[in-house]
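Overview (structure and organization)
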Amino acid sequence: MGRKSKLLISLLTGTVLFCGYYWGTPAVLNRPQNIDILKTSIKNELGFDISIENPNFRMGYLPFVIFSAKELSVKNSDNSDALIIKNLNTKINLLPIITKNINLDNLDIDSIYANFILDKNLKIKLGEYPLTLNNNNEYKLNKASITIKNYEIKLDDEIINEQIQLNGSNFEVSNFVNNKQLSFATNSVISKGEKHSKIDIDIDTKLPIANISENSTDINIKVKDLNLTDFSTYAKVLSDNKIDKLKGLINLDLTTFTNSDGQKQINSNLYAEDFGIMQKDISSSIYCPEKMVITSTLFLDNNALFIENLQAKSKGINTQLSGKITDLNSKSPEVDIKLAINPSKVEAFLPLLPGDKNFQNVFNLYLLKKHKYYGNIIGNLNIKGDYLEPNI
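Below: a short report on this structure. Per-chain numbering applies: the sequence of each chain, read as written, is numbered from 1 onward. A pLDDT threshold of at least 70 governs which residues receive local features in this predicted model, and a stricter bar of 80 or more applies before side-chain atom pairs are shown or counted, although totals over entire chains, interfaces and linings include all residues. Side-chain calculation: all heavy atoms of the structure are included, whereas hydrogens and water are not.

**So, the nonpolar core**
- Residues L72, V74, L83, I85, L88, I109 and I112 are the most contacted members of the largest nonpolar core, which totals 29 residues.
- Here a helix means four or more residues in a row that DSSP labels H or I, a strand means two or more in a row labelled E, and each is numbered from the N terminus. Every element with two or more residues in this core is listed here: α2 (32-46), β3 (64-75), β4 (81-93), β5 (101-118), β8 (140-157) and β9 (162-177).
- Sequence-distant contacts of L88, defined by excluding residues within four places in its chain, comprise F67, S68, A69, L72, L107, D108 and I109.
- Counting residues in hydrophobic clusters, the runner-up holds 14 residues, among them I221, I243, L246 and A272. Residues belong to a common nonpolar core when they are buried Ala, Val, Leu, Ile, Met, Phe, Trp, Tyr or Cys residues joined through side-chain atoms within 4.5 Å. Exposure categories follow from relative accessible area, calculated using a 1.4 Å probe and restricted to protein chains: below 20% of the type maximum is buried, above 50% is exposed, and the middle band is partly exposed. A contact between two residues is defined here by any heavy atoms of the two lying within 4.5 Å.

**A few points about the pattern of salt bridges**
- Salt bridges are counted wherever a side-chain nitrogen of Lys or Arg sits within 4 Å of a carboxyl oxygen of Asp or Glu. One pass over the full model with this rule turns up 12 salt bridges.
- Between D274 and K247 there is a salt bridge; the shortest N-O distance is 3.4 Å. Taken together, the residues D274 in strand β14 (residues 264-278) and K247 in strand β13 (residues 245-258) connect sequence positions 27 residues apart.
- When its relative accessible area of 33% is taken as the criterion, D274 is described as partly exposed.
- With a relative accessible area of 21%, K247 lands in the partly exposed category.

**Side note on the layout of surface pockets**
- Site definitions follow a grid-based scheme: protein atoms alone, a 1 Å grid, a 1.4 Å probe that fits but cannot get out for cavities, and for pockets an open set with protein on both sides within 12 Å along at least five of seven lines, plus lining residues having an atom within 4 Å of a point. Grid points are joined across faces, edges and corners, and a volume is the space filled by probe spheres set on the points. Its volume calculated, the largest pocket comes out at about 1,900 Å³.
- Taken together, 43 residues form the lining of the largest pocket, with L38, I42, L46, I92 and L104 sitting closest to its centre.
- When residues of the lining of the largest pocket are traced back to their parent elements, those giving at least two are α2, β3, β4, β5, β8, β9 and β10 (181-192).
- For the lining of the largest pocket, the element with the most residues is α2, which contributes eight residues.
- Each residue gets one label: Ala, Val, Leu, Ile, Met, Phe, Trp, Tyr, Cys and Pro are nonpolar, Asp, Glu, Lys and Arg are charged, and the others, such as Gly, are polar. Per-class residue counts for the lining of the largest pocket are 36 nonpolar, five polar and two charged.

**Comments concerning the pairing of β4**
- Each pair of strands is called paired provided DSSP finds at least two bridges between the two strands. Looking at chain direction, β3 and β4 are connected through 11 bridges and run antiparallel. Across the sheet, the residue bridging to S68 is N89, located in β4.
- What sits between β3 and β4 in their antiparallel hairpin is a turn of five residues, with N79 showing a positive phi close to 75 degrees.
- Pairing between β4 and β5: eight bridges, direction antiparallel. Its bridge partner lying in β5, L83 is registered against A114.

**Details of the packing of aromatic side chains**
- In this analysis, rings of Phe, Tyr and Trp, with Trp reduced to its six-membered ring, are considered paired at centre separations within 6.5 Å, and the interplanar angle assigns stacked below 30 degrees, edge-to-face beyond 60, and tilted for intermediate values. Under the defined criterion, the tally for this structure stands at three aromatic pairs.
- Each ring, one from F48 and one from Y129, has its centre 6.0 Å from the other, and the planes form 45 degrees; the classification is tilted. In this pair, F48 is assigned in the loop between α2 and β1 (51-53) and Y129 in strand β7 (residues 129-130), connecting sequence segments 81 residues apart. An identical accessibility class is assigned to F48 and Y129; each is buried.
- Between Y151 and F171 the ring centres are 6.0 Å apart and the planes differ by 85 degrees, which places this aromatic pair in the edge-to-face class.

**As for a nonpolar patch on the surface**
- Each patch is built from residues that are more than 30% exposed by relative accessible area and take part in no salt bridge. Like charges join if they lie within 9 Å; nonpolar side chains (Val, Leu, Ile, Met, Phe, Trp, Tyr) join within 5 Å. Here the open area of atoms and residues is found with the Shrake-Rupley method and a 1.4 Å probe, where only the protein chains shown may cover a residue. The grouping of L122, I159 and V237 at the surface amounts to a nonpolar patch, some 220 Å² of accessible area in total.
- Counting through the fold element by element, I159 comes out in the loop between β8 and β9.
- Look at I159 and you get partly exposed, because its relative accessible area is 35%.

**A word on the environment of G323**
- Mapping G323 onto the fold places it in strand β17 (residues 317-326).
- On the accessibility criterion, G323 (24% relative accessible area) is partly exposed.
- C-alpha separation for the pair G323 and N309, spaced 14 residues apart in sequence, amounts to 8.2 Å.
- Contacts of G323, omitting those with residues within four sequence positions, involve L305, F306, I307, D336 and I337.

Here it is as structure tokens:
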């Protein structure tokens, strides 16, 4: 057999194999019985039946599979909607699956509706279906890029017999790499009855977050009229009833950017009205019944956090903080901080201090708060050294 004949046979063989991959594989995958296998796999993994309208598999030129569906839905037994996903399109790279990694490229969804229930036993359900995950799953999400144009998430809280609703748009994970990178942004509104809170988030951070550097994180957050009272039940449960309730209206504007000196600068403005982390014992609570404004200008540079200015003001409270925290990623960061207390009132400061009766230090803050002190306060405080045992 001549050299040209061998080359021709190789080309023909390759062409046949590629045609089988590109056209034959989708023909097999799109058979109804294989779609049923997909549904069964989802049920085994998540614990409920799912309907798939117009599912379609295609193959890419490179070894990846393209999946689309007009609608995926989960119905409750009364035919009400537990989950609706409309116009889903995604690509899954096949080669990483060999090493039990999943690369989810360009997951694009027009809209998601989901109805979750928090029952009286503190169990989360999707509609009427308890959410159970298969802990024996050996596959892990390694990379992902996700776009969801609109979403509506409802949480029916059976403990307090109320509903919290999250509506949003432009949910985008532009870059997720496991243990390396997360880029995430969304615009959302949290509603409870007639109360509405607006939250806009844009985060670009290296993973794991524990390693802090000037190049590791960009965070931009805007929060408007977030009512902490809406989350009292969850704070109570998560604190094992130590927290009795939360209260306060929060507004926050936090931006991160690289300034003209090449430093990562973080500016923030926090406004809190009638803030409180309340326990049954008022002396153990942390609260401020007045409006408080906290502004800050911070810099990240060379494994250090520089506090140019952090100012807290409220009725009877006027303080300024400056300094630096170095060796951020070490086990023992070093602090060098100056706290200036401008003319203020002791009785305004005390409610903001922690008042754990079981914690005894140089000052028994619990007794100070319980017996209440009144008067004027002014002065400076220098804190320097190991962050756990600094010199004051």
